[in-house]
Amino acid sequence: MALLESPRTSATKPGKPAKQPKQADPEDALTGTRGTRFSRHLILCLVGLVMMYPLLWLISSSFKPSNDIFRQLGLWPDNWDFNNYAEGWTALNQPFHVYLINSMIVVVFSIIGNIFSCALAAYAFARMEFTGRKLFFALMLGTLMLPGHVLLVPQYIIFSQLGWLDTYLPLIVPNFMATNAFFIFLMVQFMKALPKELDDAAQIDGCGPFRTFLRVILPLCVPAMATTAIFTFISTWNEFFGPLLYIQNQDLYTVPLALRAFMDSEGQSMWGPMFAMSVVSIAPIIGFFIAGQKYLINGIATTGLK
C-alpha cells in the first residue's frame, strides 16, 4: 500500500506541513540585495570623501602659517596658527563683517525679487489663458540659451545712464523683473500640478486673479519658492563678476571682492588669512543649504525636474 500511495497523500502527512516558497523582498527587487546596497553606499561614501577633500584642505590651510600651506600637503597642520582668523578679519579697509553684511543685503533683496517676480510670471503662464501664451513661454525658455555675456555691454550702458554705478541697484533690480527663466520654468511646472478646482473655488468666493495668486497659489508653492531661494542665495553670494563690474568703492565690496582684495597687484597674497575668511564666507551657504534641504528636494521632485 505504501508503494501505491499518491504524491498528494504523502505531501500532506500530519506533522509535516508543506514548505511555503520563500517570497522575494520587495526592497531587494528594487534596490538589490543587502550586499549590493552596502557596496553601493561604500562607493558613494568614498567618492564623497574625494569630493570633500578641497573643502577639508581649505579648512586645514586656514589653521596653517602662510609659509607652510603649500609645503605641507597633509590635512593635519604641523604648526597651528589660530591668528589667521583674527588677522583676516581686520586685514582690509573694513572689518570682514562689513563685507558679509554687504553680501547679505544683495542676497536678501535678490531672493525677494526672484521669488515674487518669477512666481507672478509663472502664475500667468501656468494658470491664465491669454493670446500668445505658448509663444511667449517659448521665447522665455529661449533666453536660457542666450549667453549672459552678450548682455553685459547694453546693461552697463543702461545702468550708467541711470546713475546706478557704484551701487547695489544693478545687482538687485533685475531680479524684480523676472529675468531668470529657469526659476519661472520651475514654478510653472509646480503650479501646473496644482488642481484647477482651487482657482474655480477662489473665483466663486469672489477672488480675482491677483488675490487668488496671493491667497491660494502662493502658499502652496513653498517648496518651489524654497528651491528658488536656495539657488538664488548660492549664486548671488558667490557672484564675482557682477560686483566687480559695477562696484568701485571698497566699502561696498561683497564677500568675493573682499577675498580678491587679499591679493595685491604683484600677485602676493596673505594666504592664511585669506583661507580663514574663505572658511567664514562659505559657512552661511552651508547653513542655508542644510536648513532648506528638505524643501529643495520636495521642490525639485514635485516639478518633474530630474
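A quick note: this is a predicted structure, and the numbers were derived from the prediction, not measured. (Residues numbered from 1 in each chain as written. Predicted model: local features only at pLDDT ≥ 70, side-chain atom pairs only at ≥ 80, totals over all residues. Heavy atoms only, no water.)

**A word on the overall build of the protein**
- Tallying secondary structure elements over the protein gives 16 helices and zero strands in all.
- Burial statistics for the protein: of 306 residues in total, 35% are counted as buried.
- If you take every contact in the protein between residues at least 6 apart in sequence, the share linking residues at least 24 apart comes to 70%. (Helix = DSSP H or I, 4+ residues; strand = E, 2+ residues; numbered from the N terminus. Buried < 20%, exposed > 50% of the residue type's maximum accessible area, 1.4 Å probe, protein only. Contact = heavy atoms within 4.5 Å.)

**Points about the packing of aromatic side chains**
- Inspection of the entire model under this criterion finds 24 aromatic pairs.
- A ring pair is formed by F159 and W164, whose centres lie 5.7 Å apart and whose planes are at 20°; its orientation type is stacked.
- On the basis of relative accessible area, F159 is assigned to the buried category, the value being 9%.
- Pairwise contacts between aromatic rings join F63, W76, W80, F82 and Y85 into one cluster.
- Above the ring of F137, the side-chain terminus of K192 is found at 5.6 Å from the ring centroid. (Phe/Tyr/Trp six-rings, centres within 6.5 Å; stacked < 30°, edge-to-face > 60°. Lys NZ or Arg CZ within 6 Å of the ring centre and 35° of its normal.)

**A closer look at the UniProt feature "transmembrane region" (unreviewed entry) in the protein**
- As annotated by UniProt and renumbered to match this structure, "transmembrane region" (unreviewed entry) occupies residues 42–60, 99–123, 135–159, 171–191, 212–234 and 270–291.
- Taken end to end, residues 270–291 is 95% helix and 0% strand, and its first and last C-alpha atoms sit 33 Å apart. (UniProt positions renumbered as here; feature names shortened; annotations may be inferred.)

**Quick notes on unusual backbone geometry**
- For D166, which is not glycine, the phi dihedral falls at a positive 65°.
- The exposure class of D166 is partly exposed, given its relative accessible area of 26%.
- The backbone of A178 shows a phi angle near 55°, a positive value even though the residue is not glycine.

**A look at the nonpolar core**
- Counting residues in hydrophobic clusters, the biggest one holds 59 residues, and the most contacted among them are F96, I184, M187 and M191.
- For this core, the leading source of residues is helix α5 (residues 96–127), giving 14 residues.
- Leave out the neighbours within four places in its chain, and M191 touches A119, A122, Y123, A126, R127, F213, I217 and C221. (Core = buried A, V, L, I, M, F, W, Y, C linked by side-chain atoms within 4.5 Å.)

**Here we look at the confidence of the model for the protein**
- Per-residue confidence for the protein averages 83 on the pLDDT scale, and 84% of its residues sit at or above 70.
- Mean pLDDT across the secondary structure elements of the protein bottoms out at helix α1 (residues 7–11), with 47, and peaks at helix α8 (residues 169–172), with 94.
- Taken together, the stretch residues 1–12 has pLDDT below 50 and engages in three contacts with residues farther than four places along the chain or on a different chain. (pLDDT = per-residue confidence, 0-100.)

**Details of the packing of α5 against helix α6 (residues 133–142)**
- Relative orientation of the contacting elements α5 and α6 amounts to 135°, with a least axis distance of 10 Å. Judged by the angle between their axes, α5 and α6 are oblique. For the element pair α5 and α6, the recorded crossing hand is left-handed. Listed contacts from α6 to A124, F125 and A126 of α5 are R133, F136, F137 and M140.
- By residue class, the composition of the contact of α5 with α6 is six nonpolar, no polar and one charged. (Axes fitted to C-alpha atoms, helices over the stretch in contact; angles between N-to-C directions. Parallel < 35°, antiparallel > 145°, perpendicular 65-115°, else oblique. Left-handed = near helix turned anticlockwise from the far one by under 90°. Nonpolar A, V, L, I, M, F, W, Y, C, P; charged D, E, K, R; others polar.)

**Some thoughts on helix α11 (residues 209–220)**
- Under the 1.5 Å per step criterion, the end-to-end length of α11 is 15 Å for twelve residues, consistent within 8% with the ideal 16 Å.
- T212, F213, V216, I217 and L218 are the residues of α11 that are buried.
- Turning to α11, the residues buried within the fold contact α5, α9 (181–192), α10 (197–204) and α12 (222–238). (Expected span 1.5 Å × (residues − 1).)

**Observations regarding the pattern of salt bridges**
- Enumeration over the complete set of coordinates arrives at two salt bridges.
- R127 is the partner of D199 in a salt bridge, and the nearest nitrogen-oxygen pair spans 3.1 Å. A residue pair is termed long-range when its members are at least 10 positions apart, and D199 in helix α10 and R127 in helix α5 qualify at 72 residues. Residues D199 and R127 agree in their burial class; the two are buried.
- Between R133 and E129 there is a salt bridge, and its shortest N-O distance comes to 3.6 Å.
- On the basis of relative accessibility, which here comes to 67%, the residue E129 falls in the exposed class. (Salt bridge = Lys/Arg side-chain N within 4 Å of Asp/Glu carboxyl O.)

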